[in-house]
Amino acid sequence: MKKSKLMKILILSSLIASTSTFADKSYIVKWNDVSQLNSMKDNSIINNVKVKFFERTTFGGYSVIVAEDNVDSTTSRLTDSGLFYSVVENTKISFEKNETTIPVKLNQANIVLKPKNPITYSIDLNKFKDPLVENEYYHDAQKDFANGTTSALEAKSVFKNNLGRKARVAVLDSGYFPHEDMETPKEQARFIKSAMYYFPEGNYEYNLALNCLTQDPTNSGLDATCDASNIVTLGDQTNNALDKSWKPSKFFYNEQTKLNDPTEYKICINGHGLSVASSIAAIQNNGKGIASAVGSENIDIVPVKVIDSCTGMASTSDLIKAIYWAAKSDDTFEGLEPISEPVDVINLSLGSNKNELCEVGHNAFADAVDYAKQKGIVVVAALGNDGESGDVFTPATCNGVIPVSSNNVHGQLSYFSNYLSDKRTLSTIGEDMTLPKVTTTTYIDRNFIDTNCQGSIESCYATGQGTSYSAPIVSGLVSMVLMQNPSLNPDEIFNVIYDSGNKFHVNEAGNSTNMFRNAPENRIINFKEAVLAADSETLHVGKTTVSHSMNGASDKYVQKMINSHGKDNVCSTYKLDWQDVYQSNSKGVDFEVYGTNAAEAMTVSNSTLIETDDKSPRLQTGLVIKKDFANYGVRVCKIGKCSEIKEFDFSTAELNISCL
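Going along each chain's sequence as written, the residues are numbered from 1 onward. Residues qualify for local features only when their pLDDT is at least 70, as the model is predicted, and side-chain atom pairs are given and counted only at 80 or more; totals for whole chains, interfaces and linings, by contrast, use all residues. Each side-chain value is derived from all of the structure's non-hydrogen atoms; neither hydrogens nor water enter the calculation.

Help me out: how do you make sense of the overall build of the chain in this one?
A helix here means a DSSP run of H or I that spans at least four residues, while a strand means a run of E at least two residues long, and both kinds are numbered starting from the N terminus. In terms of regular secondary structure, the chain is built from 13 helices and 36 strands. In the chain, buried positions account for 56% of the 660 residues. Residues are treated as being in contact if the distance between any of their heavy atoms lies within 4.5 Å. Partitioning the intrachain contacts of the chain with sequence separation of at least 6 by distance along the chain shows that 72% fall at a separation of at least 24. Here the chain displays about 26900 Å² of accessible surface, and carbon together with sulfur accounts for 48% of that area. Three exposure classes are used, based on accessible area relative to the maximum for each residue type with a 1.4 Å probe and protein chains only: buried under 20%, partly exposed in between, and exposed over 50%. Values of accessible area rely on a 1.4 Å probe in the Shrake-Rupley scheme; residue burial ignores everything except the protein chains shown.

What follows is the structure, given as structure tokens:
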């Protein structure tokens, strides 16, 4: 008898590894002729392998079988039977717990309000409470070098929902839990099938797909423990994604069977799905909690429970089914109503170091992602928290998936974040996040609630970090870009966000960053620039900066230059830089720099064009000028259409003391 390998998938922070010995194994099989499934009977012998169970649900031409694992060649024997195009072990998946989960006190009298300053932290209750959106500094603009910003608040000033409805984001995670800062989901689903879910507890192997008959609709704690007589097995998928599971907590030794039979079960609440969803769509401007990246006004969350709340474990097949369900495939899942319409975005704050997940055409998971993309659905995935290259980390590195790493508030790659050295990735803040969080501890210990949750289980918050929380912020931006321009396909949406992001290769001191050294193809997202870039009808220039030519030079050097070239020449020379938010995915883009002495706003008619030496289109995003005009500005042009002129702010350029 072999030990079952448990594939690691992470709720991205500290890894929990588990192994167990099973007599049977579950396999994902792709049928050569799926109609043959209907004629198959349980306990059939297929090429000398006993198949004890055939799951009748199919997904993308695949289904699940359970076979006796009594020979080394089970997989090859099943493949050689001629029934299946491919046979892959349906691995159990181990999810990470949160690396740092610290309850947050929300006694308002104890909160020290801090004024807005150049360095702020995203979604921190001490700085980003939610009485008025205008006073929330979450993801707000900061210093140029502080590239942890995303400008989500500023993006609202240029955002238009041209989709005609809210964007729909499926969060495949531990499910939802009612919370004061979250809307009740309109649709939800649970994919945990009893036949495939067993977990060892001492010498007892218990079913994970369980429910307690004790009704507790107000979450008062009546179901915190459940008598064995009230436990029922969930045989099918359901449209209830509540983040609750139960595991044995008390046992009675059965003399007849020589086994410990459970007499009582204890509730488990994971909380990760709630935190991830709230990063995208917590209710804004409600006087409570946090301000999310986009907010419930424009986002509907569709929670899909694929993670067992007790063990943090799932099955690969359930993740695959969840993707097909969220994409409204033609597949029918027992016990589960189909989704009304396909979602727009799928968020996967999970991952695996098993790189064979990405082989499209030979792997059910990769095929599911490809199916979603073909239906126009954008799939976003966290890149992992091992602090190393994530080249084999999936599904973030699968074709068509947007991979997301984490950076800190200064724009540096987070110490825990995985990264890719030669593939385009996105990153955003993933540290010191304060988010709604309900766990087993807060649910059971009501005194704990009184201290940290303002007396209610639905008002609990905690801080955490990980790419798990960076990914949903990107999912929120994907939703805004889609709403801004519904004609964009998944590849175009990624290009818009990537090309409008910040490279952050050099910090304020002029030194190369760890982001550049480890992930030179990464871009830190910027909500406002991405939303503007998504509007194909509106050309605009991105961020502009002005620096003096002697910026950072020593007084001695500046004086020497003045003596050689004259004070007027040296002290009136500046470097103008601007961001091309269209960058590589827009051909035919060039720039025009203008100067004027007019007091009013710059226009083409009151300004002078500063042409290139050879009169050719200006393609570079920088220019050194001798300040001959009072004001300078730049505009972007594409195929004969130009934006308005954006003026440079010379007041931000620090002068050397010798020039004063």
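That covers the picture; the talk isn't over yet.
Would you mind showing me how to read the packing of aromatic side chains here?
Ring pairs (aromatic) are described by centroid distance and by the angle formed between their planes. Pairs were defined over the aromatic rings of Phe, Tyr and Trp, the Trp ring being its six-membered one, requiring ring centres within 6.5 Å. Orientation was assigned from the angle between planes: stacked under 30 degrees, edge-to-face over 60, tilted for the rest. All told, the structure shown has 14 aromatic pairs when counted by the stated rule. Taking the centre distance of 5.2 Å and the plane angle of 45 degrees together, the rings of tyrosine 324 and tyrosine 371 count as tilted. Highlighted residues: tyrosine 324 in helix α4 (residues 316-326) and tyrosine 371 in helix α5 (residues 364-374), separated in sequence by 47 residues. The partly exposed category is assigned to tyrosine 371, whose relative accessible area is 27%. Among the aromatic side chains, those forming a connected cluster through ring pairs are Tyr574, Phe629, Tyr632 and Phe650.

It is not clear to me how α4 should be interpreted in this structure. Could you clarify?
Structural remark: α-helix, 3.6 residues per turn; residues separated by three or four positions point the same way. In terms of residue burial, α4 counts as a mostly covered element, since 11 of its 11 residues are buried. Within α4 the residues assigned to the buried category are Thr316, Ser317, Asp318, Leu319, Ile320, Lys321, Ala322, Ile323, Tyr324, Trp325 and Ala326. Phi turns positive one or two residues past the end of α4, at lysine 328, with a value near 55 degrees.

Is there a simple way to think about the sheet that holds strand β20 (residues 299-305) in this case?
Across a sheet, paired strands are connected by hydrogen bonds in the backbone, their directions being either parallel or antiparallel. Strand pairing is assigned whenever DSSP identifies at least 2 bridges connecting the two strands. The strand order across the open sheet built from eight strands is β12-β20-β11-β22-β23-β24-β25-β28, with neighbouring strands paired in parallel fashion. Two strands lie at the open edges of the sheet, namely β12 (189-190) and β28 (522-524), each paired on one side alone. Here three bridges tie strand β11 (residues 167-173) to strand β22 (residues 345-348), and the two strands are oriented parallel to one another. If you follow alanine 170 over to β22, its bridge partner there is isoleucine 346. Seen against the sheet, helix α9 (residues 490-499) touches β23 (378-382), β24 (401-407), β25 (425-429) and β28 and runs at an angle of roughly 55 degrees to β25. Whenever a helix is involved, its axis is fitted only over the stretch in contact; in every case the axis is a line through C-alpha atoms, and angles between N-to-C directions fall within 0 to 180 degrees.

I keep staring at the packing of helix α8 (residues 467-484) against helix α11 (residues 527-534) and nothing clicks. Help me out?
Between two packed helices, what matters for the description is the angle formed by their axes and the separation of those axes. Across the interface, α8 lies against α11 with an axial gap of 8 Å and an inter-helix angle of 25 degrees. Taken together, α8 and α11 sit at an angle that is classed as roughly parallel. In this structure, α8 meets α11 at a crossing whose hand is right-handed. Contacts between α8 and α11 involve Ile473, Gly476, Leu477, Met480, Val481 and Gln484 from the former and Phe527, Ala530, Val531 and Ala534 from the latter. Residues are grouped as follows: nonpolar covers Ala, Val, Leu, Ile, Met, Phe, Trp, Tyr, Cys and Pro; charged covers Asp, Glu, Lys and Arg; every other residue, Gly included, is treated as polar. Taken together, the residues of the contact of α8 with α11 sort by class into eight nonpolar, two polar and no charged. When describing relative orientation, an angle under 35 degrees is termed roughly parallel and one over 145 degrees roughly antiparallel, while 65 to 115 degrees is termed roughly perpendicular and anything else oblique. Left-handed describes a crossing whose near helix is turned anticlockwise from the far helix by less than a right angle; the clockwise case is right-handed.

Please explain the side chain of glutamine 188 as it appears in this structure.
Mapped onto the elements, glutamine 188 comes out in the loop between β11 and β12. Of the polar contacts made by the side chain of glutamine 188, one reaches the backbone nitrogen of alanine 241; its length is 2.7 Å. Other than its neighbours up to four places away in sequence, glutamine 188 contacts Tyr176, Asn239, Asn240, Ala241, Leu242, Pro303 and Trp325. Whenever two N or O atoms come within 3.5 Å, that pair is a polar contact, provided that in protein one can donate a hydrogen and the other can accept it, and provided that, for residues adjacent in sequence, both atoms are side-chain atoms.

When you look at the sheet that holds strand β18 (residues 245-254) in this model, what are you seeing that I'm missing?
With respect to topology, three strands assemble into an open sheet ordered β16-β19-β18, the strand pairing being antiparallel. Of all the strands in the sheet, the pair left with one neighbour each is β16 (225-227) and β18. Each neighbouring strand pair of the sheet contributes to a mean axis angle of 30 degrees, computed without reference to strand direction. Inspection of the sheet shows β16 paired to strand β19 (residues 259-268) by three bridges, in the antiparallel sense. In the sheet register, threonine 225 faces β19, and the bridge partner there is lysine 266.

Got a minute to help me understand the packing of helix α3 (residues 272-281) against α8 in this structure?
Contact geometry of α3 with α8 gives a least axis separation of 7 Å together with a crossing angle of 40 degrees. Taken as a pair, α3 and α8 cross one another with a handedness that is right-handed. Contacts between α3 and α8 involve His272, Ser275, Val276, Ser279 and Ile280 on the former and, on the latter, Ser468, Tyr469, Pro472, Ile473, Ser475 and Gly476. Broken down by class, the residue content of the contact of α3 with α8 amounts to five nonpolar, six polar and no charged.

Quick question: what am I supposed to make of the environment of tyrosine 62 here?
In this structure, tyrosine 62 sits in strand β7 (residues 62-68). The sequence separation of tyrosine 62 and phenylalanine 84 amounts to 22 residues, and the corresponding C-alpha distance is 9.3 Å. Polar side-chain contacts of tyrosine 62 include one of 2.6 Å to the side chain of aspartate 367.

Sorry if this is basic, but what is going on with α5 here?
With eight of 11 residues buried, α5 is to be regarded as a mostly interior element. Where α5 is concerned, the buried positions are Ala364, Phe365, Ala366, Asp367, Ala368, Val369, Ala372 and Lys373.

What am I meant to see in the state of the cysteines here?
Here a disulfide denotes a covalent bond joining the sulfur atom of one cysteine to the sulfur atom of another. Only a pair of cysteine sulfur atoms within 2.5 Å qualifies as a disulfide here. Summed over all chains, the structure comprises four disulfides. Bridging cysteine 268 to cysteine 310, the disulfide has an S-S length of 2.2 Å. On the sign convention where negative is left-handed, the bridge of cysteine 268 and cysteine 310, at about 95 degrees about the S-S bond, is right-handed. With cysteine 268 in strand β19 and cysteine 310 in the loop between β20 and β21 (313-315), this residue pair connects regions lying 42 residues apart in the sequence. The same class applies to cysteine 268 as to cysteine 310, namely buried.

How should I be thinking about the pattern of salt bridges in this particular structure?
Note on definitions: salt bridges are taken to be side-chain nitrogens of Lys or Arg within 4 Å of carboxyl oxygens of Asp or Glu. Enumeration over the complete set of coordinates arrives at 18 salt bridges. Between aspartate 344 and arginine 165 there is a salt bridge whose closest N-O contact spans 2.9 Å. Residue aspartate 344 is found in the loop between α4 and β22, and its partner arginine 165 is found in the loop between α2 (152-155) and β11; the two are separated by 179 residues along the sequence. Take aspartate 344: its relative accessible area is 9%, and that puts it in the buried class. For aspartate 300, the salt bridge is made with lysine 186, and the minimal N-O distance between the two is 3.2 Å. Separated by 114 residues along the polypeptide, aspartate 300 in strand β20 and lysine 186 in the loop between β11 and β12 bring together distant segments of the chain. Judged by relative accessible area, which is 16%, aspartate 300 ranks as buried. Salt bridges here are not isolated pairs; linked through shared partners, they connect Lys166, Glu183, Lys186 and Asp300.

Teacher, can you tell me more about the environment of serine 275 here?
Of note, serine 275 is situated in helix α3. Overall, serine 275 belongs to the buried group, its relative accessible area being 2%. Distance in space between the C-alpha atoms of serine 275 and methionine 433 is 9.6 Å, their sequence separation being 158 residues.

How do you make sense of the pairing of strand β30 (residues 573-578) when you look at a structure like this?
Taken residue by residue, a regular strand's side chains alternate between the two faces of the sheet. In the sheet, strand β29 (residues 544-548) pairs with β30 via five bridges, with the strands oriented antiparallel. Opposite histidine 548, over in β30, you have tyrosine 574 as the bridge partner. Taken together, the five bridges between β30 and strand β33 (residues 622-626) define a ladder with antiparallel strand orientation. Pairing of threonine 573 across the sheet is with lysine 626, part of β33.

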